[in-house]
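# Structural overview for review
One letter stands for each residue in the lines below.
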Amino acid sequence: MNAKKIRIEPGEKYKIFFEKDNPNNESIQIRSIIDEDQVVYKKLSKEEQSVSYHIGSVYYFELLQAGGVIKKA
């Protein structure tokens, strides 16, 4: 796996939307790609007006893309 396969780049913003009122829906911004298999992203919260940082596998983003739940914002 590598980040180039799913074409994500640092700085890009995405919306992850599963269904209406799903607590896992989120807006994120890609901050960095580490060793081509880890993604550092910033989770943006409108309700709380807060920001948190997370690290996830590129595989996670491939699954989101395959499921059609991630779209560029």
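Summary of the structure given here. All values reported here derive from a predicted model rather than from experimental measurement.

Attention now moves to the pattern of salt bridges. Within the structure shown, the criterion is met by 2 salt bridges. Its salt-bridge partner being Lys 72, residue Glu 12 comes within 3.1 Å of it at the nearest N-O pair. Taken as a pair, Glu 12 in the loop between helix H1 (3-6) and strand S1 (13-16) and Lys 72 in strand S5 (residues 70-72) lie far apart in primary sequence, 60 residues in all. Taking the relative accessible area as the measure of exposure, Glu 12 reaches 18% and is therefore buried. For Lys 72, a relative accessible area of 56% gives the class exposed.

A separate point is helix H2 (residues 58-66). Buried within H2 are the following residues: Val 58, Phe 61, Glu 62 and Leu 64. All buried residues of H2 fall inside an arc of 160° around its axis, so they share one side. Its side-chain oxygen at 3.0 Å from the backbone nitrogen of Tyr 59, Ser 57 defines the N-terminal cap of H2. Downstream of H2 by one or two residues, Gly 68 has phi in the positive range, about 70°.

Turning our attention to the nonpolar core. Ranked by size, the top nonpolar core spans 12 residues in total: Ile 8, Tyr 14, Ile 16, Ile 28, Ile 30, Val 39, Tyr 41, Val 58, Phe 61, Leu 64, Val 69 and Ile 70. Contributions of two or more residues to this core are made by S1, strand S2 (26-34), strand S3 (38-45) and H2. With 3 residues, H2 is the single largest residue contributor to this core. Ignoring anything within four residues of it in the chain, the contact list for Val 69 reads Lys 15, Ile 16, Phe 17, Phe 18 and Leu 64.

Rules used in this analysis
Sequence order sets the numbering: in each chain, residues are counted from 1 along the sequence as written. Totals for whole chains, interfaces and linings use every residue, but because this is a predicted model, local features are given only for residues with pLDDT of at least 70 and side-chain atom pairs only at 80 or more, for both listing and counting. Side-chain measures here rest on the full set of heavy atoms in the structure, leaving out hydrogens and waters. The working definition used for a salt bridge is a side-chain nitrogen of Lys or Arg within 4 Å of a carboxyl oxygen of Asp or Glu. Where helices and strands are cited, they refer to DSSP runs of H or I of at least four residues and of E of at least two residues respectively, numbered from the N terminus. Remark: exposure states derive from per-residue accessible area (1.4 Å probe, protein chains only) relative to the maximum for the residue type, with buried under 20%, exposed over 50%, and partly exposed in between. Regarding the arc, it is the one traced by the directions from the helix axis to the C-beta atoms. In protein, a polar contact means a hydrogen-donor-capable atom and an acceptor-capable atom, both N or O and within 3.5 Å, with residues adjacent in sequence counting only if both atoms are side-chain atoms; elsewhere, any N or O pair within 3.5 Å suffices. By nonpolar core we mean a set of buried residues, namely Ala, Val, Leu, Ile, Met, Phe, Trp, Tyr and Cys, connected to one another through side-chain atoms within 4.5 Å. What makes two residues a contact is simply this: any of their non-hydrogen atoms within 4.5 Å.

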